[in-house]
Amino acid sequence: MPDNGRKPETVALTIDGREVVVPKGTSLLQAAAGAGIEVPHYCYHPGLSAPAQCRVCLVEVEGAPKLQPSCVTVAQDGQVVRTDSDEALEMRKGVFEFYLVNHPLDCPICDMSGECKLQDYVFAEGREHGRAHEPKRVFGRDDFGGDVLYYGDRCVMCTRCVRFMEEVAGDPRLTVVERGSRAVIDTFFDQGLEGASFAGNVVDICPVGALVSKEFLHKARAWDLDHTPSVCAGCSQGCNVELHTRDNLVQRLKPRENQEVNGHWMCDYGRESYEWINRPGRLESPQAGRGSRRKPTDWRDVLGRLHARLQELRGAEVIVIGSPLWPNEGLAALDALAQAAGQVSRRVFRSPRAQDEDPLPGFPLLIRRRDLAPNVDGAGLLGFDRDGSDVGEGGLDGVAAHDGILLVLGDELRDQSEEFGASAALFVYLGTHDSPAAANADFVLPVTNFAEQEGTFVNAQGRVQRFQQALRPPGTARPAWLVLGALAAALAGNGPPPSRADGAFAALVAAHPAFAGLDYDVLGVAGAPLADAGAATAAAAGQRAP
Amino acid sequence: MSEAPFRNPGWAGNTGEFDLAEAEVRGDSYVGERPLDGGHPGASPSLPYMLVKKDPSAPLFEGPYQERLDKILDRYPTSRAALLPVLNMAQELRGHVSPGTMDEVASLLDLGRAYVRGVATFYTMYNKRPVGRFLVQVCTNISCNLCGADEVLAAFLDHTGTELGETSADGNFTVVEAECLAACGFPTCVQINSRYFEDVGADDVTAIIERLKAETGDARL
């Protein structure tokens with residue numbers, strides 16, 4: 001279409017007495033949603049086609065002979081729509097009554113209870129009492145394989161899952177089997193969903209408790225979970241997610257819509273790789289002293305002693321080992337401290353890589369990347385080089401015998417021996433868990449993982465994405481940027497260190513031109529591309545080369 | 001004065017149409033083109049009785065069936081549209097549509113296996129399990145039920161010695177309930193393979209089985 005400077009065509013209509021202006025081609029349901037009016041819907045999902053088969057989005061359109069399914073009725077200029085007229089409400093009430101004829105109402109033991117659309121809609125619009133006295137049909141449950149469990153009794157036959165597998169996953173394994181009240185969702189006999197790497201999304205899009213996650217089954221009630229906007233740490237795609245937490249533990253991950261990154265979806269690998277965040281046995285207080293002389297202490301003491309030691313060794317050769325599980329702020333502060341302390345000879349990180357990528361055919365932007373860490377590209381931009389093998393081990397040649405300053409953030413050095421860092425003049429280990437290879441560390445500092453702090457990651461598209469704090473840190477663990485920023489500022493003597501995450505990000509933007517022009521507030525929860533995202537990607541690609 | 005129960009006068013019973021040879025109905029040339037067992041691609045279970053023994057492991061779409069398949073595929077714009085007649089043909093050959101058959105049809109038409117299963121299970125006229133030589137479908141919907149369909153069904157089960165939905169030990173009969181057979185004016189309606197028996201009462205069942213015996217010349221029934 002030639003761009004002749006005109007605005008996109010719009011239509012003006014009235015929904016429930018409100019004037020609404022929407023782009024041409026918008027459905028009534030979307031137009032109403034834009035005006036803050038939620039029309040009930042099951043089969044319609046913004047990421048899928050709309051078959052208009054569930055009949056719960058019926059609304060009254062002036063002039064139309066009967067109620068219209070709002071999910072497929074296109075808004076017209078001058079249309080007058082009532083979503084809450086007596087006729088529409090009466091009709092929808094009838095539809096919900098039919099849905100309840102065979103729905104088991106086992107809400108007390110149903111995982112979806114609390115976020116179930118049948119519950120919500122019937123509560124809002126349905127009958128107070130059911131009139132069905134006949135026994136309900138019973139199917140039992142069906143293990144679809146993978147992480148998906150199917151309760152046929154609860155199913156409302158919206159076929160979102162069928163359409164997701166066909167249209168988005170490109171793997172049409174699900175179908176409606178049988179007809180009428182005997183209809184259930186199933187695969188081809190014993191085929192199941194095993195091996196379908198995006199199948200977990202069918203649990204998210206199921207409006208009722210028919211498809212539930214085995215992993216989450218009976219683990220927590222929906223109303224007990226806190227939802228925190230975050231970024232998936234499973235790979236460098238950085239899918240926008242919500243961390244659902246309870247009792248200061250991550251209970252599950254749910255995708256959060258971002259059309260630039262992951263649409264409405266996320267992969268099963270990312271969805272299932274969150275247990276490391278909950279790993280117990282955390283470092284809770286700073287410790288100082290090598291080997292048997294190690295003593296727990298407090299931050300004031302440890303920072304004072306560390307600062308003095310860094311002053312003594314000023315100008316020594318510094319080797320920095322970072323981790324792409326840590327946000328940009330922490331890595332930048334690590335780099336800043338290293339530069340203030342002496343001559344930085346190497347900045348490296350180690351990170352596992354998958355054999356191949358796993359794209360989502362129906363949403364090509366979403367790819368489960370090879371790099372199985374969220375901030376590989378951020379680490380690259382901040383000057384860190386990949387080291388070691390595809391399982392995140394090895395490399396570090398000559399580091400074990402390094403005699404200068406050794407700064408380690410986040411890498412647990414699992415493959416290194418207890419002799420690691422024995423000859424270093426100063427060995428500082430910042431991490432979440434103690435490690436045998438940290439036995440020679442002069443200072444062991446407990447830092448928070450990404451879920452316990454705010455910060456940013458750079459994903460494989462060169463997009464800077466913010467995440468928020470979901471969990472309380474254990475003990476006196478602090479964000480790495482706070483600890484390292486304080487030391488770096490004290491060493492360099494250039495003013496007060498940042499005390500909040502936005503300050504840490506501003507310091508990072510000031511020090512690293514690749515991040516120029518970005519503002520922490522503007523990033524919001526949707527993130528923003530780097531000014532030169534192409535260059536960033538190229539740099540990351542060069543950095544990835546073996 | 002006791003009156004005989006009302007019976008619809010004209011429509012039930014042997015109207016003679018099945019005494020005609022195929023050639024008399026459709027013409028010689030047509031018969032000459034018909035496939036091996038007389039089935040027609042558009043209405044494959046069209047023979048009144050399953051005169052040809054079904055072989056559940058018969059190869060699909062070989063020889064004349066390949067030709068029929070090609071004709072079917074020519075007729076539709078997409079392979080998806082051809083699914084129903086192709087499943088018909090598979091059932092005509094094998095007597096029922098097994099999971100293996102669905103899989104074969106799916107790969108032949110380049111459709112999802114699950115989708116083919118969904119279609120095959122949606123339609124009750126595809127038998128998902130092997131059925132007997134005579135598939136007896138007794139309508140138990142409203143009109144027929146008011147006129148004694150339950151007794152007719154019980155009589156069929158009794159005479160064939162089988163359970164509802166099961167196949168009799170000799171492999172001759174499968175008796176199932178059917179929803180409306182669109183013959184509400186002539187209850188109870190019973191469909192045996194593709195022929196309708198209308199106005200059937202419980203006491204007619206013996207005669208119907210006798211008739212099947214006579215027409216097929218099979219004394220074992």
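Residues numbered from 1 in each chain as written. Chains lettered and ligands numbered in written order. Predicted model: local features only at pLDDT ≥ 70, side-chain atom pairs only at ≥ 80, totals over all residues.

(A) Representation of the sheet that holds strand E2 (residues 173-178) of chain B in the model. Residue and element names in this part refer to chain B. Across the sheet, four strands lie side by side as E2-E1-E3-E4; this open sheet has mixed pairing. The open sheet has two free edges, formed respectively by E2 and strand E4 (195-197), since each of these has just one partner strand. Each adjacent strand pair in this sheet contributes to an overall mean axis angle of 25 degrees, direction not counted. Bridging between strand E1 (residues 134-139) and E2 involves six bridges; their strand directions are parallel. Within the sheet, the bridge partner assigned to Gln137 lies in E2 and is Val176. (Pairing = 2+ DSSP bridges. Helix = DSSP H or I, 4+ residues; strand = E, 2+ residues; numbered from the N terminus. Axes fitted to C-alpha atoms, helices over the stretch in contact; angles between N-to-C directions.)

(B) Expanded view of the interface of chain A and chain B. Each side of the interface is counted separately: chain A has eleven residues, and chain B has nine residues. The class makeup of the residues in the side of chain A that touches chain B is six nonpolar, two polar and three charged. (Contact = placed C-beta atoms within 7 Å. Nonpolar A, V, L, I, M, F, W, Y, C, P; charged D, E, K, R; others polar.)

(C) Geometry of the pairing of E1(B). In terms of burial, E1(B) is largely enclosed, as six of its six residues are buried. Side chains Phe134(B), Val136(B) and Val138(B) of E1(B) all project onto a buried face; the interleaved residues Leu135(B), Gln137(B) and Cys139(B) project onto the opposite face, where all are buried too. (Buried ≥ 20, exposed ≤ 12 C-beta atoms within 10 Å, placed from the backbone.)

(D) Up close: the pairing of strand E3 (residues 58-61) of chain A. Residue and element names in this part refer to chain A. Neither face of E3 is left uncovered, since the one carrying Leu58 and Glu60 and the one carrying Val59 and Val61 both have all their residues buried. Two elements, E3 and strand E4 (residues 68-69), share two bridges in a ladder whose sense is antiparallel. By the bridge assignment, Val59 is partnered in E4 with Gln68. Counting the residues in the hairpin turn of E3 and E4 gives six residues, including Gly63, whose phi is positive at 95 degrees. Relative to strand E5 (residues 80-82), E3 runs antiparallel, the two being bridged by two bridges. Bridge pairing in E5 links Glu60 to Arg82.

(E) Structural detail: the packing of helix H7 (residues 299-312) of chain A against helix H10 (residues 480-492) of chain A. All names here are of chain A. Running from N to C, H7 and H10 cross one another at 45 degrees; their axes reach a closest spacing of 10 Å. In terms of axis orientation, H7 runs oblique to H10. H7 and H10 meet at a crossing whose hand is right-handed. On H10, the residues touching Leu303, Leu306, His307 and Leu310 of H7 are Ala486, Leu487, Ala490 and Leu491. Residue composition of the contact of H7 with H10, grouped by class: seven nonpolar, one polar and no charged. (Parallel < 35°, antiparallel > 145°, perpendicular 65-115°, else oblique. Left-handed = near helix turned anticlockwise from the far one by under 90°.)

(F) Structural context of helix H4 (residues 83-94) of chain B. Residue and element names in this part refer to chain B. Spanning twelve residues, H4 covers 16 Å between terminal C-alpha atoms, matching the ideal 16 Å at 1.5 Å per step. The buried fraction of H4 amounts to eleven of the twelve residues, a majority that puts the element mostly inside the structure. Summarising the contacts, the buried residues of H4 are in contact with helix H3 (64-75), helix H5 (99-109) and helix H6 (113-122). Following H4 by one or two positions, Gly95 adopts a phi angle in the positive range, close to 90 degrees. (Expected span 1.5 Å × (residues − 1).)

(G) View of the confidence of the model for chain B. All names here are of chain B. Model confidence for chain B is summarised by a mean pLDDT of 79, while 73% of its residues fall at 70 or above. Residue range residues 8-12 is modelled with pLDDT below 50. Its contacts to residues more than four positions away, or to other chains, number seven contacts. In this model, residues 29-51 is a region of pLDDT below 50 whose contacts with residues beyond four sequence positions or in other chains number 38 contacts. Prediction confidence for the complex, expressed as pTM and ipTM, is 0.88 and 0.85 respectively. (pLDDT = per-residue confidence, 0-100.)

(H) Region of interest: the domain arrangement of chain B. Here chain B is partitioned into domain 1 (44-122) and domain 2 (134-216). Computed over C-alpha atoms, the centres of domain 1 of chain B and domain 2 of chain B are 27 Å apart. (Domains from an automatic or database assignment.)

(I) Inspection of helix H8 (residues 328-341) of chain A at higher detail. Helix length check: H8(A) (14 residues) gives 20 Å between terminal C-alpha atoms against 20 Å at 1.5 Å per residue, within 8%. Where burial is concerned, most of H8(A) is hidden: 13 out of the 14 residues are buried.

(J) View of the environment of Phe457(A). Residues and elements named next belong to chain A. Mapped onto the fold, Phe457 is located in strand E24 (residues 455-458). With 29 C-beta atoms packed within 10 Å, Phe457 lands in the buried category. Measuring from C-alpha to C-alpha, the distance between Phe457 and Asp377 comes to 8.2 Å, with 80 residues separating the pair along the chain. Apart from residues no more than four positions distant in its own chain, Phe457 is found in contact with Val231, Gly238, Pro327, Asn328, Pro374, Asn375, Gly378 and Gln465.

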